[in-house]
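Coordinate inspection notes
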Amino acid sequence: MALRNIREIGDDILYKKAKEVKEITEKTRELIDDMLETMYEADGVGLAAPQVGVLKRIAVIDVTAEQDSPIVLVNPEIIHTEGEQRGSEGCLSVPGKAGIVTRPNVVRVRAFDENMQEFEIEGEELLARALIHEIEHLDGQLYVDKVEGELVDVGEEEE
């Protein structure tokens, strides 16, 4: 496993649509492991492959503090949303900033795991927000385009 550099806002790769994964290779497994290590090291709750410079439809998420139950999403697609939540959102590719974003409160996603086994996952609140945020990265979208008002320095929110 190795830490990868997280691409930051302004990097062209963050605005490109990632390509579907056809098969899981040893290189793909290494990418997933590296993404998890990079996400945990950066204290993030999610990371998409384009954020580490790879245009593949892969994202990892862990909204727990334990770092023992990561979710690996290969070729994820949102199949259902409901409700609404409004809250502060940040991104490892937009360091030190956050903004208010309205998202669905519940989301159901169909994806494949690291063994190309299809599954569905339903998330509420933070998990729903993370699922949508990471899938948008795979489509070349950043949360900053959905921010209501201005981005703020992360420290400002708590004052």
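Just so it is clear, the structure is predicted and the values come from calculations on it, not from any experiment.

**Topic: the overall build of the protein**
A tally of regular secondary structure across the protein gives three helices and eight strands. Reading the protein from its N terminus to its C terminus gives the helix and strand order α-β-β-β-β-β-β-β-α-β-α. Each principal axis of the C-alpha atoms in the protein carries an extent, and together these give about 45 × 35 × 30 Å. Out of the 159 residues in the protein, the part that is buried amounts to 43%.

**Observations concerning the sheet that holds strand E5 (residues 97–103)**
Spatially, E4-E5-E8 is the arrangement adopted by the three strands of the open sheet, whose pairing is antiparallel. Sheet topology places strand E4 (85–90) and strand E8 (148–153) at the edges, where each strand pairs with a single neighbour. Strand-to-strand, the axes of this sheet are offset by a mean angle of 30°, without reference to chain direction. In this structure, E4 lies alongside E5, joined through six bridges in antiparallel fashion. Paired with Glu-89 across the bridge in E5 is Gly-99.

**A look at the sheet that holds strand E2 (residues 58–61)**
For sheets, the rule is that strands pair by backbone hydrogen bonds, running either parallel or antiparallel. Pairing within the open sheet is antiparallel, and its five strands lie in the order E1-E2-E3-E6-E7. At either margin of the open sheet sits one strand with a lone partner, and together these are strand E1 (46–48) and strand E7 (118–124). The average angle at which neighbouring strand axes cross in this sheet is 35°, direction not considered. Two strands pair when backbone bridges link them, and strand E6 (residues 106–112) and E7 are joined in this way by seven bridges, in the antiparallel orientation. Bridging from a neighbouring strand, Val-106 pairs with Glu-124 of E7. Against the sheet, helix H1 (residues 26–41) engages E1, E2 and strand E3 (71–82), with an angle of about 35° to E2. Contacts from helix H2 (residues 125–138) reach E1, E2, E3, E6 and E7, with the element oriented near 125° to E7.

Quick notes on the rules
Residues numbered from 1 in each chain as written. Predicted model: local features only at pLDDT ≥ 70, side-chain atom pairs only at ≥ 80, totals over all residues. Heavy atoms only, no water. Helix = DSSP H or I, 4+ residues; strand = E, 2+ residues; numbered from the N terminus. Buried < 20%, exposed > 50% of the residue type's maximum accessible area, 1.4 Å probe, protein only. Pairing = 2+ DSSP bridges. Axes fitted to C-alpha atoms, helices over the stretch in contact; angles between N-to-C directions. Contact = heavy atoms within 4.5 Å.

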